[in-house]
Amino acid sequence: MKGFCLRAWPRPGKPPDPKVPRRYHAFLEKEIGQQSKEEKRVQSSADYAALQQKLEDLSKQTQPKVADLSARSAAVEARMNAVLNTLTDARGYVGSQIYTIEHTSSASRKKDLQQSLEKYEQGPFALNLPSEEPGGQDKIEKFTFEQLQDEFTRLTAKKGDLLLEKAALLKPVSELQKKVNSYVTDHMNGLPVDSLQG
């Protein structure tokens, strides 16, 4: 901002100049008006319009795939949460039984507890699970404790894969959006309006 100097603090022993805030405000108003025109000039250029069009086309092209991945990810997460509810209780019970077995001195009691735990782990754990695909039907499925853990691990990995796929799909859009956003500031003389207002 050429032509204007604002002291943050008055010199020692001198009171602050009451005209400074008014002058600075007037200077900013003038500068904002000029920079607003400058922004409009840059935004009306053919290069900027071409970049905007490219971004719009890319967004339209990727939007259906992004929506599909979001729906599939939500369906997998719903199934994952349903599995986790049962798995959390089962893990708690198994952990407490293992602790009891490890701290039981009687061999026969230990054997009984171990057999009881093995029977518990065989299940079956019957769960009413949502479909992994959007719009699919809920279904009752049965699992052993080990299968329940494997199912949760599988669903966690699947959700991660879907999120990575979505991120890869959105990356070119995000990069192009950054180019569009920086185009104005890169092609302007002086500060953009939002910097002056901030």
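Everything numeric here is computed off the predicted structure, so don't read it as measured data.

Enquirer: I would appreciate a short explanation of the packing of aromatic side chains in the present structure.
Expert: Remark: the centre distance and the inter-plane angle together describe each pair of aromatic rings, the angle taken between the planes. Going through the model one piece at a time under the given rule, you end up with three aromatic pairs. When the centroid spacing of 5.7 Å and the interplanar angle of 40 degrees are considered together, the rings of Tyr48 and Tyr183 count as tilted. With Tyr48 in helix α2 (residues 46-102) and Tyr183 in helix α4 (residues 145-186), this residue pair connects regions lying 135 residues apart in the sequence. Overall, the relative accessible area of 12% leaves Tyr183 in the buried class. Judged by centre distance (4.3 Å) and plane angle (50 degrees), the ring pair of Tyr93 and Tyr120 falls under tilted. Highlighted residues: Tyr93 in helix α2 and Tyr120 in helix α3 (residues 107-122), separated in sequence by 27 residues. In textbook terms, an aromatic cluster arises when at least three aromatic residues are bridged by ring pairs, as seen for Tyr93, Tyr120 and Phe125.

Enquirer: Help me understand the pattern of salt bridges in this model?
Expert: Counted according to the given criterion, the structure contains 11 salt bridges. Between Lys159 and Glu77 there is a salt bridge, with the nearest N and O atoms lying 3.4 Å from each other. Of this pair, Lys159 sits in helix α4 while Glu77 sits in helix α2, and the two are 82 residues apart along the sequence. Note on Lys159: relative accessible area 17%, which makes it buried. In this structure, the salt-bridge partner of Glu151 is Arg154, at a minimum N-O distance of 3.0 Å. Of this pair, Glu151 and Arg154 both sit in helix α4, three residues apart, which is roughly one turn of the helix. Of the residues examined, Arg154 reaches a relative accessible area of 34% and is grouped as partly exposed. Connected through shared salt-bridge partners, Arg79, Glu132, Glu133, Glu141, Glu151, Arg154 and Lys158 make up one network.

Enquirer: What is the right way to look at the packing of α2 against α4 in this model?
Expert: Each pair of packed helices gets described by two things: the angle between the helix axes and the distance between those axes. Packing of α2 against α4 leaves a shortest axis separation of 7 Å and a crossing angle of 160 degrees. The angle between α2 and α4 places the two elements in the roughly antiparallel class. Our pair here, α2 against α4, has a crossing hand that is left-handed. Considering only residue class, the contact of α2 with α4 consists of 27 nonpolar, nine polar and 14 charged.

Scoring rules and cut-offs
Residues numbered from 1 in each chain as written. Predicted model: local features only at pLDDT ≥ 70, side-chain atom pairs only at ≥ 80, totals over all residues. Heavy atoms only, no water. Phe/Tyr/Trp six-rings, centres within 6.5 Å; stacked < 30°, edge-to-face > 60°. Helix = DSSP H or I, 4+ residues; strand = E, 2+ residues; numbered from the N terminus. Buried < 20%, exposed > 50% of the residue type's maximum accessible area, 1.4 Å probe, protein only. Salt bridge = Lys/Arg side-chain N within 4 Å of Asp/Glu carboxyl O. Axes fitted to C-alpha atoms, helices over the stretch in contact; angles between N-to-C directions. Parallel < 35°, antiparallel > 145°, perpendicular 65-115°, else oblique. Left-handed = near helix turned anticlockwise from the far one by under 90°. Nonpolar A, V, L, I, M, F, W, Y, C, P; charged D, E, K, R; others polar.

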